[in-house]
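Each chain, letter by letter, is given below.
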Amino acid sequence: MNEEQKIYDFIIVGSGIGGLLSSVILAMEGHSVLVLEKNHQIGGNLQVFSRDKRIFDTGVHYIGSLDEGENLYQIFKYVNILDDLKMQRLDEDCYDLIRLEDGSTFKHGQGYEQFKKGLYVDFPNEKAAIDDFCKTLKEYCDYFPLYNLETFDGNKKSYINDPEILEISAWDYVNSITSDKKLQAVFLGNGPLYAGDYKRTPLFVLALIMNSYLKGSYRMVNGSSQIAIALQKRLREHGGELLKHQEVVSSTQNGASVTCVQTKCGDTFYANNFISNAHPKQTVEMFGAEKFRPAYRKRLELLDDTVSAFMLYLSFKENSFPYLNHNVYNYTKENVWDTVDYNESEWPEALFICTPPSKATTEFADSMSAMAYMNIKEVEQWGESFNTVAESAERAEAYQKFKEEKQEKIITRLEEIYPNIRESIIGVHSSTPLTYRDYIGTKDGSLYGIEKDVNTIGFSKINARTKIPNVFMTGQNLVFHGILGASIGALVTCFNFVEDRELIKKIKSA
Ligand SMILES: Cc1cc2nc3c(=O)[nH]c(=O)nc-3n(C[C@H](O)[C@H](O)[C@H](O)COP(=O)(O)OP(=O)(O)OC[C@H]3O[C@@H](n4cnc5c(N)ncnc54)[C@H](O)[C@@H]3O)c2cc1C
């Protein structure tokens, strides 16, 4: 190390929401912080891209818990980014529309009362099941103190005192309260938000995610990248630094601790502590597999990631397609939670559809995004190539053909819902699991990182602390995924350096 080389208090590897939020919180506490990001654009899944003069989100389409006073609202308020964000609240009586195999549609309203009201009309004989479902979602959320911006108190209800609640299957629970197949499908209808699967998904995952959307569902006008940009601004105001095109590839240890990291372009950066926002498997590789216990590495290897996705992005002719202030989940299979391990010939069996808010008009949409589950195996044959803005490469013609075929299948499915949609389309674009793999840095382009599987839940817990005393983790794999989940993960990471009660107090009183 030369004498001018700065030693930061913290180096954060990756600028996803977890990395950025951790960086701002630590900088606000007076620490010197450097964020290293491999990509051309910051934000991880908050990245956007532009085609046909339209902005498309890549990995965040709507965000929950943003009504005033809710948990994510308070966290964003504490780091002072709310005023920078232009948001659109989704429809009160329908933030998500569930469209079942037979074409029937059902609304999820915002807030428990509105949610119940809508379903009581559709399922008048199922009031008891609807009430039970809502009560159970709330009860399960109460098991997670931090989710409610509380610290752990041994005398109160928590998943730590009652770990058995983590092992309850969402599917078994829903089947226990009603035998009405349609109502079951409606309860589970926004499952693509967490890759809901009847064999694997725990009830607590459904509760934490669904509750958050019931507590205020919003779209980001002009793309979700504004969250990353706002956080970067706050970081700089608090003296923090961020460098792009800096992919961390290795580290150097002195005794037990890491002293510096090396990046792909040959730079070295020094710090007292390191926080990785990358996937735990990539973190182990980055800091040296041999420095972690074999049992830990093996456990990580055995953990499955959630499935990946194919995304279709459509640009519309001006004033030709109505703006939908809700999302649509469309199914062509009775069991909506048997769509992750999909049948290729029936693909897409589950389709998430949204129209981002247009800058020009509230009446019409200028684009649409549609997401369908896709296993990376389908594009494995082109897996050798790597393509991002920072490191670009052409993929084979056959890959383009594959994409076009999939695009066409989704458009055909969309025509079943919106018969004239084709007339509105002026541009068609798409991304595959390889896109997510390359931009986020995971092996399989997974949608939401490590899967929470009710059958192996004990193994899937990832601690913020690692075997290396000054290396920590953050992001979606710690607690749960999504903007809310990864933000709570950032708090968990920061509790290693900031007294938890103090930080929570500051967030709640922001
Ligand atoms: C298609 C899709 C749709 C989604 N929709 C929603 C939604 O509507 N609402 C919602 O709340 N959530 C949604 N999610 C989930 C949500 O986007 C993620 O859970 C969350 O953004 C993950 O944040 P993170 O902090 O874990 O970091 P990530 O977003 O995973 O970012 C990690 C960062 O680390 C960087 N990095 C990795 N390795 C290195 C390295 N070696 N050196 C330097 N940098 C590195 C990456 O480039 C990246 O910037 C969606 C995800 C996907 C994929």
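What you see as residue numbers is a count from 1 along each chain, following the sequence as written. Predicted model: local features are reported for residues with pLDDT of at least 70 only, side-chain atom pairs are reported and counted for 80 or more only, and whole-chain, interface and lining totals are derived from all residues.

A few words on the overall build of the chain. Working definition: helices are DSSP H or I runs of at least four residues, strands are E runs of at least two. Numbering for both runs from the N terminus. Along the chain, the regular secondary structure elements total 15 helices and 20 strands. Just to be clear, the radius of gyration here is over C-alpha atoms, and the globule rule we use is 2.2 Å times residues to the power 0.38. The C-alpha radius of gyration computed for the chain amounts to 22 Å, which stays within 12% of the reference 24 Å derived for 510 residues, consistent with globular compactness. Dimensions along the principal axes, computed over C-alpha positions, put the chain at roughly 70 × 60 × 45 Å. Neighbour counting defines burial: a residue surrounded by 20 or more other C-beta atoms within 10 Å of its own C-beta is buried, one with 12 or fewer is exposed, and intermediate counts give partly exposed, using backbone-placed C-beta atoms. Looking at the 510 residues of the chain, the share that counts as buried comes to 50%.

The next thing to look at is the site of the ligand. Around the ligand sit 37 residues in total, of which Gly14, Gly16, Gly18, Gly44 and Gly475 are the nearest. Looking at the shell around the ligand, the elements that each hand over two or more residues are α1 (17-28), α9 (280-287), α13 (433-440) and α14 (482-494). Three or more residues apiece are contributed to the shell around the ligand by two domains, here domain 1 (7-87 + 222-301 + 460-508) and domain 3 (307-447). As a rule, any residue with its backbone-derived C-beta atom within 6 Å of a molecule or strand is reported as near that molecule or strand. An automatic or database domain assignment provides the domain bounds reported here.

On to the environment of Glu241, then. Inspection of the secondary structure puts Glu241 in strand β9 (residues 241-243). For Glu241, a count of 17 C-beta atoms within 10 Å translates into the label partly exposed.

So, about the sheet that holds strand β6 (residues 96-99). Backbone-to-backbone hydrogen bonds join strands into a sheet, with any given pair of strands oriented parallel or antiparallel. Pairing is mixed across the open sheet formed by seven strands, whose spatial order is β7-β6-β15-β16-β18-β13-β19. With partners counted over all chains shown, the strands left at the sheet margins are β7 (105-108) and β19 (425-431), one partner each. With strand direction ignored, the average angle separating the axes of adjacent strands in the sheet is 20°. Judged from the three bridges that link them, strand β16 (residues 350-354) and strand β18 (residues 367-374) form a sheet pairing that is antiparallel. Bridge pairing in β18 places Cys354 opposite Ser369. The pairing criterion is simple: DSSP has to find at least two bridges between the two strands. Whenever a helix is involved, its axis is fitted only over the stretch in contact; in every case the axis is a line through C-alpha atoms, and angles between N-to-C directions fall within 0 to 180 degrees.

With that settled, consider the packing of α1 against α14. For the pair α1 and α14, interaxial distance at closest approach is 8 Å and the crossing angle is 40°. Here α1 is positioned oblique relative to α14, judged by the angle of their axes. For the pair α1 and α14, the crossing hand works out as right-handed. On the side of α1, the interface is formed by Ile17, Gly18, Leu21, Ser22, Ile25 and Leu26, while α14 contributes Ile483, Ala486, Ser487, Gly489, Ala490, Thr493 and Cys494. As a working rule, the residues Ala, Val, Leu, Ile, Met, Phe, Trp, Tyr, Cys and Pro are called nonpolar, Asp, Glu, Lys and Arg charged, and the rest polar, with Gly in that last group. Each residue belonging to the contact of α1 with α14 can be placed in one class, and the counts come to eight nonpolar, five polar and no charged. In what follows, roughly perpendicular refers to angles from 65 to 115 degrees, roughly parallel to angles under 35, roughly antiparallel to angles over 145, and oblique to any angle outside these ranges. By convention the crossing between two helices is left-handed if the near helix lies anticlockwise of the far one by an angle smaller than a right angle, and right-handed if it lies clockwise. Throughout, a residue-residue contact means that the two C-beta atoms, derived from backbone geometry, are no farther apart than 7 Å.

With that settled, the discussion passes to the nonpolar core. For our purposes the nonpolar core covers buried Ala, Val, Leu, Ile, Met, Phe, Trp, Tyr and Cys residues that link as a set through C-beta atoms within 7 Å. Among the nonpolar cores identified, the biggest contains 140 residues, and Ile11, Val13, Val24, Val79, Leu231, Ala370 and Ala372 are the most heavily contacted of them. Residue contacts for Val79: discarding those within four places in its chain leaves Leu21, Val24, Ile25, Leu231 and Arg234.

This part is about α13. With eight of eight residues buried, α13 lies mostly within the body of the structure. Restricting attention to buried positions, one finds in α13 the residues Pro433, Leu434, Thr435, Tyr436, Arg437, Asp438, Tyr439 and Ile440. Gly441 sits one or two positions beyond α13 and adopts a positive phi of about 95°.

The subject of this paragraph is the pairing of strand β2 (residues 33-36). Side chains of β2 alternate between two faces, with Val33 and Val35 and Leu34 and Leu36 buried alike. As judged from the four bridges shared by strand β1 (residues 7-13) and β2, these two strands associate in the parallel manner. The partner of Ile11 across the bridge, within β2, is Leu34. Crossover handedness is defined here as right-handed if the route from the first strand over the helix to the second strand goes clockwise, with the strands pointing away from the viewer. You can see the chain leave β1, run along α1 and come back into β2, and the turn it takes is right-handed. Two strands pair when backbone bridges link them, and β2 and β9 are joined in this way by three bridges, in the parallel orientation. Each bridged residue has a counterpart across the sheet, and for Leu36 the counterpart in β9 is Leu243.

Domain boundaries in the chain define domain 1 (7-87 + 222-301 + 460-508), domain 2 (110-213) and domain 3 (307-447). The straight-line distance from the C-alpha centre of domain 1 to that of domain 2 is 28 Å. At the level of elements, α2 (71-78), α14 and α15 (500-508) are the ones that each hand at least two residues to the side of domain 1 that touches domain 2. Here the element with the most residues in the side of domain 1 that touches domain 2 is α15; it accounts for five residues.

To continue, consider unusual backbone geometry. The omega angle of the peptide bond from Trp347 to Pro348 is -5°, so this bond is cis rather than trans. The phi dihedral of Asn222 falls on the positive side, at around 75°, and the residue is not glycine. As for its placement among the helices and strands, Asn222 is situated in the loop between β8 (218-220) and α8 (225-237). The phi angle at Asn319 is positive, at roughly 50°, despite the residue not being glycine. Here Asn319 shows up in the loop between β13 (308-316) and β14 (321-322).

So, about the pairing of strand β11 (residues 257-263). Inspection of the sheet shows strand β10 (residues 248-254) paired to β11 by six bridges, in the antiparallel sense. In the sheet register, Ser250 faces β11, and the bridge partner there is Gln262. Hairpin connection between β10 and β11: a loop of two residues separates the two successive antiparallel strands, and Gly255 in this loop has a positive phi of roughly 65°. Summarising the sheet, β11 and strand β12 (residues 268-276) pair through three bridges and their orientation is antiparallel. Bridge pairing links Gln262 to Thr268 in β12. In textbook terms, the turn of a hairpin is the stretch between consecutive antiparallel strands, and for β11 and β12 this stretch comprises four residues, one of which, Gly266, has a positive phi near 100°.

Where α2 contacts α14, the axes come no closer than 10 Å and their chain directions differ by 55°. By the angle between their axes, α2 is oblique relative to α14. When you trace α2 past α14, the crossing you get is left-handed. The segment α2 lies against α14, with Asn71, Leu72 and Ile75 engaging Ile483, Leu484 and Ser487. Among the residues making up the contact of α2 with α14, the classes are represented as four nonpolar, two polar and no charged.

With that settled, consider the environment of Phe123. Considering the arrangement of structural elements, one finds Phe123 in the loop between α3 (112-122) and α4 (127-141). By C-beta crowding, Phe123 is classed as partly exposed, having 17 other C-beta atoms within 10 Å. For the pair formed by Phe123 and Leu491, sequence separation is 368 residues and the distance between their alpha carbons is 40 Å. If we ignore the near neighbours within four places in the chain, the residues touching Phe123 are Ile130, Asp180 and Leu183.

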